[in-house]
Amino acid sequence: MNVVRSWLHLLFMAVTVVPWATAAVLLSPVLPSTRLYWFCIVWVRLQIWAARWLLGIRNEVIGWDNLPTDARAPAILLVKHQSTWETFALPAMMPHPLAFVFKRELLYIPFFGWALGRLDMIHIDRAKRAQAFQKVVEQGRALLQRGVWVIMFPEGTRVPRGAVGQYKTGGTRLAVATGVPVIPIAVTSGRCWPRRAIVKRPGTVVFSIGKPIASVGRDPDDLMREVRDWIEGEMRRLDPEAYREPASPERLVA
(Lines give C-alpha, C1' and ligand atoms only; values in the text may rest on other atoms or scores of the structure.)
Protein backbone atom coordinates (compact mmCIF):
# COMPACT_ATOMS: atom_id res chain seq x y z
CA MET A 1 0.00 0.00 0.00
CA ASN A 2 2.88 2.39 0.79
CA VAL A 3 4.21 1.82 -2.72
CA VAL A 4 0.93 2.85 -4.36
CA ARG A 5 0.54 5.88 -2.09
CA SER A 6 4.12 6.98 -2.70
CA TRP A 7 3.69 6.87 -6.47
CA LEU A 8 0.40 8.74 -6.20
CA HIS A 9 2.11 11.48 -4.21
CA LEU A 10 4.91 11.73 -6.77
CA LEU A 11 2.32 11.96 -9.53
CA PHE A 12 0.46 14.67 -7.61
CA MET A 13 3.68 16.66 -7.24
CA ALA A 14 4.51 16.33 -10.93
CA VAL A 15 1.05 17.30 -12.12
CA THR A 16 0.72 20.33 -9.85
CA VAL A 17 4.24 21.72 -10.25
CA VAL A 18 3.85 22.36 -13.99
CA PRO A 19 1.03 24.97 -13.84
CA TRP A 20 2.26 26.46 -10.56
CA ALA A 21 5.86 26.88 -11.74
CA THR A 22 4.70 28.24 -15.08
CA ALA A 23 2.56 30.81 -13.30
CA ALA A 24 5.49 31.75 -11.02
CA VAL A 25 7.77 32.34 -14.01
CA LEU A 26 5.13 34.43 -15.78
CA LEU A 27 4.32 36.44 -12.65
CA SER A 28 7.94 37.05 -11.64
CA PRO A 29 8.36 40.28 -13.65
CA VAL A 30 5.31 41.91 -12.04
CA LEU A 31 5.04 40.48 -8.50
CA PRO A 32 7.27 41.77 -5.69
CA SER A 33 9.76 39.13 -4.57
CA THR A 34 8.05 38.52 -1.22
CA ARG A 35 4.62 38.02 -2.80
CA LEU A 36 6.10 35.69 -5.40
CA TYR A 37 7.72 33.67 -2.60
CA TRP A 38 4.44 33.21 -0.74
CA PHE A 39 2.68 32.35 -4.01
CA CYS A 40 5.17 29.47 -4.44
CA ILE A 41 4.79 28.46 -0.79
CA VAL A 42 1.11 27.75 -1.45
CA TRP A 43 2.27 24.94 -3.77
CA VAL A 44 4.67 23.68 -1.10
CA ARG A 45 1.89 23.62 1.50
CA LEU A 46 -0.27 21.74 -0.97
CA GLN A 47 2.41 19.02 -1.11
CA ILE A 48 2.52 18.86 2.69
CA TRP A 49 -1.27 18.48 2.74
CA ALA A 50 -1.11 15.75 0.09
CA ALA A 51 1.63 13.93 2.00
CA ARG A 52 -0.52 13.93 5.12
CA TRP A 53 -3.48 12.33 3.36
CA LEU A 54 -1.69 10.12 0.85
CA LEU A 55 1.43 9.12 2.81
CA GLY A 56 0.31 9.57 6.41
CA ILE A 57 3.22 11.91 7.21
CA ARG A 58 2.64 14.57 9.84
CA ASN A 59 4.85 17.19 11.48
CA GLU A 60 5.51 17.92 15.13
CA VAL A 61 7.48 21.00 16.16
CA ILE A 62 9.37 21.45 19.41
CA GLY A 63 10.84 24.81 20.40
CA TRP A 64 8.68 27.28 18.48
CA ASP A 65 9.43 29.85 21.18
CA ASN A 66 13.14 29.75 20.25
CA LEU A 67 12.43 31.57 16.98
CA PRO A 68 12.85 35.38 16.96
CA THR A 69 9.56 37.21 17.33
CA ASP A 70 10.65 40.55 15.85
CA ALA A 71 9.44 40.76 12.25
CA ARG A 72 12.81 42.14 11.13
CA ALA A 73 15.06 40.01 13.31
CA PRO A 74 17.61 38.13 11.18
CA ALA A 75 18.45 34.46 11.64
CA ILE A 76 20.47 31.71 9.97
CA LEU A 77 18.88 28.27 10.26
CA LEU A 78 21.31 25.34 10.32
CA VAL A 79 19.37 22.15 9.79
CA LYS A 80 19.96 18.40 9.95
CA HIS A 81 19.45 16.98 6.45
CA GLN A 82 18.02 13.46 6.08
CA SER A 83 15.59 13.86 3.18
CA THR A 84 13.70 16.13 0.82
CA TRP A 85 10.95 16.50 3.41
CA GLU A 86 12.60 19.31 5.39
CA THR A 87 13.11 21.35 2.21
CA PHE A 88 9.31 21.36 1.82
CA ALA A 89 8.20 21.47 5.44
CA LEU A 90 10.39 24.25 6.78
CA PRO A 91 9.40 26.94 4.25
CA ALA A 92 5.77 25.90 4.70
CA MET A 93 5.87 26.37 8.47
CA MET A 94 8.29 29.27 9.03
CA PRO A 95 6.88 32.79 9.59
CA HIS A 96 9.63 34.42 7.52
CA PRO A 97 10.62 33.91 3.89
CA LEU A 98 13.59 31.56 3.66
CA ALA A 99 16.53 31.78 1.28
CA PHE A 100 18.14 28.42 0.62
CA VAL A 101 21.80 28.10 -0.32
CA PHE A 102 21.94 25.40 -2.99
CA LYS A 103 23.98 24.16 -5.94
CA ARG A 104 23.09 25.89 -9.19
CA GLU A 105 22.41 22.58 -10.97
CA LEU A 106 18.96 22.57 -9.34
CA LEU A 107 18.01 25.49 -11.57
CA TYR A 108 18.06 23.18 -14.59
CA ILE A 109 15.24 20.95 -13.30
CA PRO A 110 12.27 21.59 -15.61
CA PHE A 111 9.54 23.78 -14.10
CA PHE A 112 10.62 23.38 -10.45
CA GLY A 113 14.12 24.74 -11.08
CA TRP A 114 12.84 27.45 -13.41
CA ALA A 115 10.51 28.77 -10.71
CA LEU A 116 13.23 28.43 -8.07
CA GLY A 117 15.47 30.65 -10.16
CA ARG A 118 12.91 33.48 -9.95
CA LEU A 119 13.00 33.53 -6.15
CA ASP A 120 15.48 35.29 -3.86
CA MET A 121 17.68 32.27 -3.22
CA ILE A 122 21.45 31.84 -3.18
CA HIS A 123 22.62 29.40 -5.84
CA ILE A 124 26.33 28.67 -6.00
CA ASP A 125 28.90 26.94 -8.17
CA ARG A 126 30.51 24.39 -5.87
CA ALA A 127 33.52 24.11 -8.18
CA LYS A 128 34.45 27.72 -7.36
CA ARG A 129 34.54 27.58 -3.59
CA ALA A 130 36.10 30.98 -2.85
CA GLN A 131 33.76 32.80 -5.22
CA ALA A 132 30.83 30.76 -3.96
CA PHE A 133 31.39 31.79 -0.36
CA GLN A 134 31.81 35.44 -1.33
CA LYS A 135 28.45 35.23 -3.11
CA VAL A 136 26.87 33.64 -0.03
CA VAL A 137 28.12 36.49 2.17
CA GLU A 138 27.10 39.27 -0.23
CA GLN A 139 23.64 37.93 -1.03
CA GLY A 140 23.10 36.55 2.46
CA ARG A 141 23.82 39.90 4.09
CA ALA A 142 21.42 41.71 1.75
CA LEU A 143 18.64 39.16 2.32
CA LEU A 144 19.10 39.11 6.09
CA GLN A 145 18.81 42.90 6.19
CA ARG A 146 15.43 42.57 4.45
CA GLY A 147 14.11 40.15 7.06
CA VAL A 148 14.67 37.01 4.98
CA TRP A 149 16.13 34.11 6.94
CA VAL A 150 18.95 32.12 5.37
CA ILE A 151 18.68 28.33 5.67
CA MET A 152 21.61 25.97 5.19
CA PHE A 153 22.27 22.27 5.64
CA PRO A 154 25.76 22.04 7.21
CA GLU A 155 26.20 18.43 6.10
CA GLY A 156 25.86 19.60 2.52
CA THR A 157 23.84 16.62 1.36
CA ARG A 158 21.23 14.22 2.68
CA VAL A 159 22.59 11.64 5.10
CA PRO A 160 21.02 8.27 5.99
CA ARG A 161 19.04 7.97 9.18
CA GLY A 162 21.42 7.40 12.08
CA ALA A 163 24.44 8.75 10.20
CA VAL A 164 26.50 11.87 10.87
CA GLY A 165 27.67 13.81 7.85
CA GLN A 166 30.68 16.05 7.59
CA TYR A 167 29.63 19.42 8.95
CA LYS A 168 30.84 22.29 6.77
CA THR A 169 31.45 25.73 8.27
CA GLY A 170 29.85 27.85 5.52
CA GLY A 171 26.83 28.63 7.67
CA THR A 172 28.81 29.72 10.71
CA ARG A 173 31.26 31.69 8.55
CA LEU A 174 28.29 33.60 7.16
CA ALA A 175 26.95 34.12 10.68
CA VAL A 176 30.26 35.48 11.96
CA ALA A 177 30.66 37.72 8.90
CA THR A 178 27.20 39.23 9.38
CA GLY A 179 26.89 39.05 13.18
CA VAL A 180 23.60 37.14 12.85
CA PRO A 181 22.70 34.37 15.35
CA VAL A 182 22.36 30.78 14.20
CA ILE A 183 19.46 28.52 15.10
CA PRO A 184 20.17 24.77 15.04
CA ILE A 185 17.33 22.46 14.00
CA ALA A 186 17.20 18.67 14.37
CA VAL A 187 14.87 16.73 12.04
CA THR A 188 13.78 13.07 12.12
CA SER A 189 12.54 12.95 8.52
CA GLY A 190 14.54 9.81 7.72
CA ARG A 191 12.02 7.73 9.65
CA CYS A 192 9.30 8.49 7.10
CA TRP A 193 11.05 9.74 3.99
CA PRO A 194 14.43 7.98 3.69
CA ARG A 195 17.18 9.50 1.59
CA ARG A 196 16.66 8.85 -2.15
CA ALA A 197 13.71 6.59 -1.42
CA ILE A 198 10.68 6.30 -3.68
CA VAL A 199 8.59 4.51 -1.06
CA LYS A 200 7.74 6.56 2.01
CA ARG A 201 6.37 5.41 5.36
CA PRO A 202 3.61 6.95 7.49
CA GLY A 203 4.60 8.55 10.75
CA THR A 204 5.49 11.80 12.49
CA VAL A 205 8.50 13.91 11.57
CA VAL A 206 9.77 15.87 14.56
CA PHE A 207 11.42 19.26 14.10
CA SER A 208 13.28 20.41 17.20
CA ILE A 209 14.32 24.07 17.13
CA GLY A 210 17.23 24.98 19.36
CA LYS A 211 17.90 28.26 21.09
CA PRO A 212 19.63 30.97 19.01
CA ILE A 213 23.41 30.95 19.35
CA ALA A 214 25.17 34.32 19.13
CA SER A 215 27.87 34.57 16.48
CA VAL A 216 29.51 37.89 17.37
CA GLY A 217 33.16 37.38 18.29
CA ARG A 218 32.97 33.62 17.69
CA ASP A 219 35.32 31.40 15.73
CA PRO A 220 33.39 29.72 12.86
CA ASP A 221 34.87 26.28 13.58
CA ASP A 222 34.07 26.58 17.27
CA LEU A 223 30.55 27.77 16.52
CA MET A 224 29.92 24.90 14.10
CA ARG A 225 31.13 22.39 16.67
CA GLU A 226 28.56 23.78 19.10
CA VAL A 227 25.84 23.56 16.43
CA ARG A 228 26.85 20.03 15.49
CA ASP A 229 26.96 18.84 19.12
CA TRP A 230 23.48 20.23 19.77
CA ILE A 231 21.94 18.79 16.60
CA GLU A 232 23.50 15.35 16.94
CA GLY A 233 22.73 15.17 20.65
CA GLU A 234 19.13 16.13 19.94
CA MET A 235 18.92 13.56 17.13
CA ARG A 236 19.86 10.83 19.59
CA ARG A 237 17.21 12.03 21.99
CA LEU A 238 14.49 12.19 19.33
CA ASP A 239 15.38 8.99 17.44
CA PRO A 240 17.45 6.83 19.82
CA GLU A 241 16.84 3.55 17.97
CA ALA A 242 18.64 4.94 14.92
CA TYR A 243 21.90 5.53 16.82
CA ARG A 244 23.80 2.63 18.30
CA GLU A 245 27.00 4.49 19.13
CA PRO A 246 27.85 7.98 20.40
CA ALA A 247 28.54 10.60 17.75
CA SER A 248 32.17 10.44 16.67
CA PRO A 249 34.11 13.65 16.08
CA GLU A 250 33.99 14.77 12.46
CA ARG A 251 36.40 17.10 10.72
CA LEU A 252 34.83 20.43 9.96
CA VAL A 253 35.16 21.65 6.38
CA ALA A 254 35.17 25.28 5.26
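Keep in mind that what you see is a predicted model, and the values were worked out from it rather than measured.

How each quantity is defined
Here the residue numbers are simple positions, counted from 1 along each chain's written sequence. Confidence filtering applies because this is a predicted model: local features only for residues at pLDDT of at least 70, side-chain atom pairs given and counted only at 80 or more, and all residues used for totals across whole chains, interfaces and linings. Side-chain measures here rest on the full set of heavy atoms in the structure, leaving out hydrogens and waters. A pair of strands is considered paired only if DSSP assigns at least 2 bridges between the two. Secondary structure elements are taken from DSSP: a helix is a run of H or I of four residues or more, a strand is a run of E of two residues or more, and numbering for both begins at the N terminus. Between N-to-C directions, angles cover 0 to 180 degrees, with each direction set by a line fitted to C-alpha atoms, over the stretch in contact for helices. For this document, the term salt bridge refers to a Lys or Arg side-chain nitrogen within 4 Å of an Asp or Glu carboxyl oxygen. Our angle categories are set so that under 35 degrees counts as roughly parallel, over 145 as roughly antiparallel, 65 to 115 as roughly perpendicular, and the remainder as oblique. Helix crossings are classified by the rotation of the near helix relative to the far one: an anticlockwise turn of less than a right angle makes the crossing left-handed, while a clockwise turn makes it right-handed. The criterion used for residue contact is that any of the two residues' heavy atoms lie within 4.5 Å. Side-chain classes are defined by residue name, with Ala, Val, Leu, Ile, Met, Phe, Trp, Tyr, Cys and Pro counting as nonpolar, Asp, Glu, Lys and Arg as charged, and the others, Gly among them, as polar. Burial classes: relative accessible area under 20% of the type maximum marks a residue as buried, over 50% as exposed, and values in between as partly exposed (1.4 Å probe, protein chains only). Two rings from Phe, Tyr or Trp (for Trp, the six-membered ring) form a pair when their centres sit within 6.5 Å of each other. Planes less than 30 degrees apart are called stacked, planes more than 60 degrees apart edge-to-face, and all others tilted. Remark: a charge is flagged as sitting over a ring if the NZ atom of Lys or the CZ atom of Arg is within 6 Å of the ring centre and within 35 degrees of the ring normal. The criterion is simple. A nonpolar core is a set of buried Ala, Val, Leu, Ile, Met, Phe, Trp, Tyr and Cys residues joined through side-chain atoms within 4.5 Å. UniProt positions are given in the numbering used here, feature names are shortened, and annotations may be inferred rather than shown by experiment.

## Digging into the sheet that holds strand β2 (residues 76-79)
Read from one edge to the other, the open sheet built from 7 strands follows the order β1-β7-β6-β2-β5-β3-β4, with strand pairing classed as mixed. With one partner strand each, in any of the chains shown, β1 (57-62) and β4 (122-124) form the two edges of the open sheet. Going from strand to strand, the sheet's axes swing by 20 degrees on average, the running direction of each strand aside. Note that β2 and strand β6 (residues 182-187) share 4 bridges and pair parallel.

## A few points about the pattern of salt bridges
Per the counting criterion, the structure on display carries 11 salt bridges. A salt bridge links Glu241 to Arg161; the nearest nitrogen and oxygen atoms lie 3.3 Å apart. Of this pair, Glu241 sits in the segment after α7 (220-238) while Arg161 sits in the loop between β5 (149-152) and α6 (170-178), and the two are 80 residues apart along the sequence. For Glu226, the salt bridge identified is with Arg218, shortest N-O distance 2.9 Å. Three or more residues are tied together by salt bridges with common partners; here these are Lys80, Glu155, Glu232 and Arg236.

## Quick notes on the packing of α6 against α7
It is at 8 Å that the axes of α6 and α7 come closest, and there the two elements cross at 125 degrees. Between α6 and α7, the angle is such that the two are oblique. Like other packed secondary-structure pairs, α6 and α7 cross with a definite hand, here right-handed. On the side of α6, the interface is formed by Thr172, Arg173, Ala175 and Val176, while α7 contributes Pro220, Leu223 and Met224. Split by residue class, the contact of α6 with α7 holds 5 nonpolar, 1 polar and 1 charged.

## Remarks on the pairing of β5
Burial along β5 is two-sided: the residues Trp149 and Ile151 and Val150 and Met152 are all buried. In the sheet, β2 pairs with β5 via 3 bridges, with the strands oriented parallel. Counterpart to Leu78 in the pairing with β5 is Met152. Summarising the sheet, strand β3 (residues 98-103) and β5 pair through 3 bridges and their orientation is parallel. Its bridge partner lying in β5, Ala99 is registered against Val150.

## A short note on the packing of aromatic side chains
For the structure shown, the criterion picks out 7 aromatic pairs. Taking the centre distance of 5.9 Å and the plane angle of 35 degrees together, the rings of Trp20 and Phe39 count as tilted. On the criterion of sequence distance, the pair formed by Trp20 in helix α1 (residues 2-27) and Phe39 in helix α2 (residues 33-55) is long-range, its members being 19 residues apart. Residue class for Phe39 comes out partly exposed when judged on its relative accessible area of 24%. Aromatic pair Phe100 and Phe153: ring centres 6.2 Å apart, planes at 35 degrees, arrangement tilted. One end of the pair, Phe100, is in strand β3; the other, Phe153, is in the loop between β5 and α6, and 53 residues separate them in sequence. For the pair Phe100 and Phe153, a shared accessibility class is recorded, and that class is buried. Ring-pair connections join several aromatic residues into one group, and the members of that group are Trp43, Phe88 and Phe112. Sitting over the face of the ring of Trp193, Lys200 holds its NZ or CZ atom 4.4 Å from the ring centroid.

## Focus: the nonpolar core
One finds Leu77, Trp85, Leu90, Met94, Leu98, Ile185 and Phe207 to be the most contacted residues of the largest nonpolar core, which totals 45 residues. By residue number, the principal contributor to this core is α2, which donates 9 residues. With 32 residues, the next largest nonpolar core counts Val101, Phe133, Leu143 and Met152 among its residues.

## A look at the UniProt feature "transmembrane region" (unreviewed entry) in the chain
The feature "transmembrane region" (unreviewed entry), as annotated in UniProt, sits at residues 7-30 in this numbering. In the segment residues 7-30, helix accounts for 88% and strand for 0%; the C-alpha atoms at its two ends are 36 Å apart.

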